[in-house]
Amino acid sequence: MSCEGCRWHRSETSSSHQEQRAHNVQGRGLPAAPSCTVHVQAWSPVQRTAPAHEAGIAFDLFDVAEVFKRTPLIADLKPGGKYLAKDVHDIGGVSIILKVLLDGGFLHGDCLTVTGRTLAENLEEVRLPDNQKVVVPVSAPLSPTGGLVGLRGNLAPDGAVVKVAGMKQLSFRGPARVFDSEDACFAAVMQRAYAPGDVLVIRYEGPKGGPGMREMLSTTSAIYGQGLGEQVALITDGRFSGATRGLCIGHVGPEAAVGGPIALLRDGDMVVIDAAAGTLDVELSEDELAARRASWTAPLPAYGSGALWRYAQTVGPARYGAVVHPGGAGEGAVYGDGMG
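For every chain, the first residue of the written sequence is number 1, and numbering continues from 1 along that sequence. Residues qualify for local features only when their pLDDT is at least 70, as the model is predicted, and side-chain atom pairs are given and counted only at 80 or more; totals for whole chains, interfaces and linings, by contrast, use all residues. Derived side-chain values reflect all non-hydrogen atoms in the structure, with water molecules and hydrogen atoms excluded from consideration.

**Here's the deal with the overall build of the chain**
Right, so step 1: Counting its regular elements, the chain contains 13 helices and 10 strands.
Right, so step 2: Accessibility here uses a 1.4 Å probe with only protein chains present; expressed as a share of the type maximum, an area under 20% marks a residue as buried, one over 50% as exposed, and anything in between as partly exposed. Of all 340 residues assigned to the chain, the portion counted as buried reaches 49%.
Right, so step 3: The contact definition used throughout considers only heavy atoms, calling two residues in contact when any of these lie within 4.5 Å. Of the contacts formed within the chain by residues at least 6 apart in sequence, a portion of 71% connects residues at least 24 apart.
Right, so step 4: Summed over all atoms, the accessible surface of the chain reaches about 16,100 Å², with 54% contributed by carbon and sulfur. Every helix listed is a DSSP run of H or I at least four residues long, and every strand listed is a run of E at least two residues long, numbered separately from the N terminus. Here the accessible surface of atoms and residues is derived via Shrake-Rupley with a 1.4 Å probe, and residues count as covered only by protein chains that are part of the display.

**Some points on the side chain of His53**
Right, so step 1: Assignment of secondary structure puts His53 in helix α5 (residues 45-54).
Right, so step 2: What qualifies as a polar contact is a pair of N or O atoms within 3.5 Å, subject to a donor-acceptor requirement within protein and to the restriction that residues adjacent in sequence count only when both atoms come from side chains. Within the local environment of His53, its side chain forms a polar contact with the backbone oxygen of Pro326, the two atoms lying 3.3 Å apart.
Right, so step 3: When residues no more than four places from it in sequence are discounted, the contact partners of His53 are Tyr320, Val323, His325, Pro326, Gly327 and Gly328.

**Considering the packing of α5 against helix α6 (residues 61-70)**
Right, so step 1: Angles shown run from 0 to 180 degrees and are taken between the N-to-C directions of axes, each axis being a line fitted to C-alpha atoms and, for helices, limited to the stretch in contact. For the pair α5 and α6, the least separation of the axes is 9 Å and the interaxial angle reads 115°. Remark: the crossing between α5 and α6 carries right-handed chirality. Packed against α5, whose contacting residues are Pro45, Arg48 and Thr49, the element α6 presents Leu61, Val64 and Phe68 at the interface.
Right, so step 2: Class assignment of the residues belonging to the contact of α5 with α6 gives a composition of 4 nonpolar, 1 polar and 1 charged. When the near helix sits turned anticlockwise from the far one by under a right angle, the crossing is termed left-handed; a clockwise turn instead gives a right-handed crossing. Each residue is assigned to one of three groups, with Ala, Val, Leu, Ile, Met, Phe, Trp, Tyr, Cys and Pro labelled nonpolar, Asp, Glu, Lys and Arg labelled charged, and all others, Gly among them, labelled polar.

**Notes on the pattern of salt bridges**
Right, so step 1: Definition used for salt bridges: Asp or Glu carboxyl oxygen within 4 Å of a side-chain nitrogen of Lys or Arg. Per the counting criterion, the structure on display carries 14 salt bridges.
Right, so step 2: Notably, a salt bridge pairs Arg177 with Asp267, separated by 3.9 Å at the nearest N-O pair. With Arg177 in strand β3 (residues 171-179) and Asp267 in the loop between β8 (247-250) and β9 (270-274), the pair connects residues that are 90 residues apart, well separated along the chain.
Right, so step 3: Here the salt bridges do not stand alone but share partners, grouping Glu182, Asp183, Glu205 and Arg214 into one network.

**Examining the environment of Tyr224**
Right, so step 1: Within the secondary structure layout, Tyr224 lies in helix α11 (residues 218-225).
Right, so step 2: In this structure, Tyr224 is in contact with Gly229, Glu230, Arg245 and Gly246, ignoring residues within four places of it in sequence.

**Observations concerning the confidence of the model for the chain**
Right, so step 1: Averaged over all residues, the pLDDT of the chain is 84; the fraction at 70 or higher stands at 85%.
Right, so step 2: Averaged pLDDT values over the elements of the chain bottom out at 32 in helix α1 (residues 2-12) and peak at 98 in strand β10 (residues 279-282). Scored between 0 and 100, pLDDT is the confidence that the predictor attaches to each residue.

**As for helix α10 (residues 182-190)**
For an α-helix the count is 3.6 residues per turn, leaving residues at separations of three or four pointing the same way.
Right, so step 1: Along α10, the positions that sit buried rather than exposed are Glu182, Cys185, Ala188 and Val189. Angular distribution of buried residues about the axis of α10 spans 125°; they occupy a single face of the element.
Right, so step 2: Buried positions along α10 lie against β3, β4 (199-202), β5 (215-216) and α11.
Right, so step 3: Directly beyond the C-terminal end of α10, a positive phi value near 55° is found at Arg192. In this description, one arc is meant: the one made by directions from the helix axis to the C-beta atoms.

**So, the environment of Ile74**
Right, so step 1: Structurally, Ile74 is set in the loop between α6 and α7 (85-90).
Right, so step 2: Taking the C-alpha atoms as reference points, Ile74 and Pro141, 67 residues apart in sequence, are found 5.1 Å from one another.

**A short note on the packing of aromatic side chains**
Right, so step 1: Each pair of aromatic rings taken from Phe, Tyr and Trp, with Trp reduced to its six-membered ring, is defined by centres within 6.5 Å and is described as stacked if the planes are under 30 degrees apart, edge-to-face if over 60, and tilted in the remaining cases. One pass over the full model with this rule turns up 0 aromatic pairs.
Right, so step 2: In this scheme, Lys NZ or Arg CZ marks a charge over a ring once it lies within 6 Å of the ring centre and within 35 degrees of the ring normal. A cation over a ring is seen here: Arg152 above Phe62, with NZ or CZ 3.8 Å from the ring centre.

**Observations regarding the pairing of β8**
Right, so step 1: On β8, burial covers both faces: Leu247 and Ile249 on one face and Cys248 and Gly250 on the other are all buried.
Right, so step 2: Two strands pair when backbone bridges link them, and strand β6 (residues 233-236) and β8 are joined in this way by 3 bridges, in the parallel orientation. Bridge pairing links Ile235 to Ile249 in β8. Paired strands, in this sense, are two strands between which DSSP finds at least two bridges.

**A look at the nonpolar core**
Right, so step 1: What we call a nonpolar core is a set of buried Ala, Val, Leu, Ile, Met, Phe, Trp, Tyr and Cys residues that are connected through their side-chain atoms within 4.5 Å. In this structure, Leu155, Val201, Ile235, Ile249, Leu265, Ile273 and Leu280 are the most contacted members of the largest nonpolar core, which totals 30 residues.
Right, so step 2: Of all elements in the fold, only β2 (156-163), β3, β4, β6, β8, β9 and β10 reach the threshold of two or more residues within this core.
Right, so step 3: Not counting chain neighbours up to four residues away, the residues in contact with Ile273 comprise Leu170, Ser171, Phe172, Ala233, Ile235, Leu247, Ile249, Thr279 and Leu280.
Right, so step 4: Counting 18 residues, the second largest nonpolar core, distinct from the first, contains Ile74, Ala75, Leu119 and Val136.

**A look at a nonpolar patch on the surface**
Right, so step 1: Put simply, a patch holds well-exposed residues, over 30% relative accessible area, that have no salt bridge, with like charges counted together within 9 Å and Val, Leu, Ile, Met, Phe, Trp or Tyr side chains within 5 Å. On the surface, a cluster of nonpolar side chains totalling about 280 Å² of accessible area is made up of Tyr303, Leu308 and Trp309.
Right, so step 2: Its place among the elements puts Leu308 in helix α13 (residues 306-314).
Right, so step 3: Its relative accessible area of 38% is what places Leu308 among the partly exposed residues.

**Examining the packing of α10 against α11**
Right, so step 1: At a closest axis distance of 9 Å, the pairing of α10 and α11 adopts a crossing angle of 10°. In terms of orientation, α10 lies roughly parallel with respect to α11. In contact with Glu182, Cys185, Phe186, Val189 and Met190 of α10, α11 contributes Ser218, Thr219, Ala222 and Ile223. To sort the angles, those under 35 degrees are grouped as roughly parallel, those over 145 as roughly antiparallel, those from 65 to 115 as roughly perpendicular, and the leftovers as oblique.

**Concerning unusual backbone geometry**
Right, so step 1: Cis geometry is found at the peptide bond from Gly210 to Pro211, where omega equals -15°.
Right, so step 2: Position of Pro211 relative to the elements: it lies in the loop between β4 and β5.
Right, so step 3: Even without glycine at this site, Tyr204 takes up a positive phi of about 60°.
Right, so step 4: Along the polypeptide, Tyr204 turns up in the loop between β4 and β5.
Right, so step 5: The class for Tyr204 is buried, based on a relative accessible area of 13%.
Right, so step 6: Positive phi, normally seen in glycine, also occurs at Ala322, with a value near 50°.
Right, so step 7: With respect to the secondary-structure elements, Ala322 resides in the segment after α13.

Rendered as structure tokens:
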């Protein structure tokens, strides 16, 4: 049924309806992330854009960022807040969050769910409990926007994402300390071979370069353990853990493995981050970047054969979900067509 539905959706509806449906789908899951728990929502654009790609809907990192921007933060959860996911469970679970968002006009209640009923029907009897501060109404949000912000600039033409939930410092300027893997950066941190004010750059950890965008938590944990978590920034073409704290920017694109600007950075280049303005730049001229790009050569892949090699050959950019095939838009037929 779902395959037939997706095929009908692509062939029978207009592009504007597709866009609306894309936001409808995202509305059911995406706002629950920044509104529910930073751990669930962190570095989730790939998890939002890839399903849209499967359905043949154009929906990239910047579209996700727009949804984040208009969705309020309504759950006060760690690591940026006070409470735990268990506390959400104790007051009624994710249904409470969905109900609050639905009542606030942030979800499409007519969306059909796996229960066979609409989202509004499923939530009809759900009520936000009184005398608790875990989840608040949209009329009094913790923040008017979600916990993630999309960035763009000459260092990230295809975008990047920064988690701002619970953060006080939304801008940073400092010299780059460049590492070609998370392991190299972690080793430097453990040796304290960095300084307050640095921007630690971890590259070649993207979909192709990793390959696979492995989660990064050990480096940021070590930095906080050394007491410098608020005094440095990190950027990567990979992704960070939901438990990450501090000014950490992931999904920088194009990634280093395809020659994106992050591959052209050198130690000492001044990196400027402004989460409030949504920008990520390096203080280099276009001529300088072009000269560096002309002399850049792609490194040999970490895996020269096997499944990871094949994955690296086919995976696309994080902006579009790090997918490995054309998706629903490329389907000419659905498996099972014509079968009795």
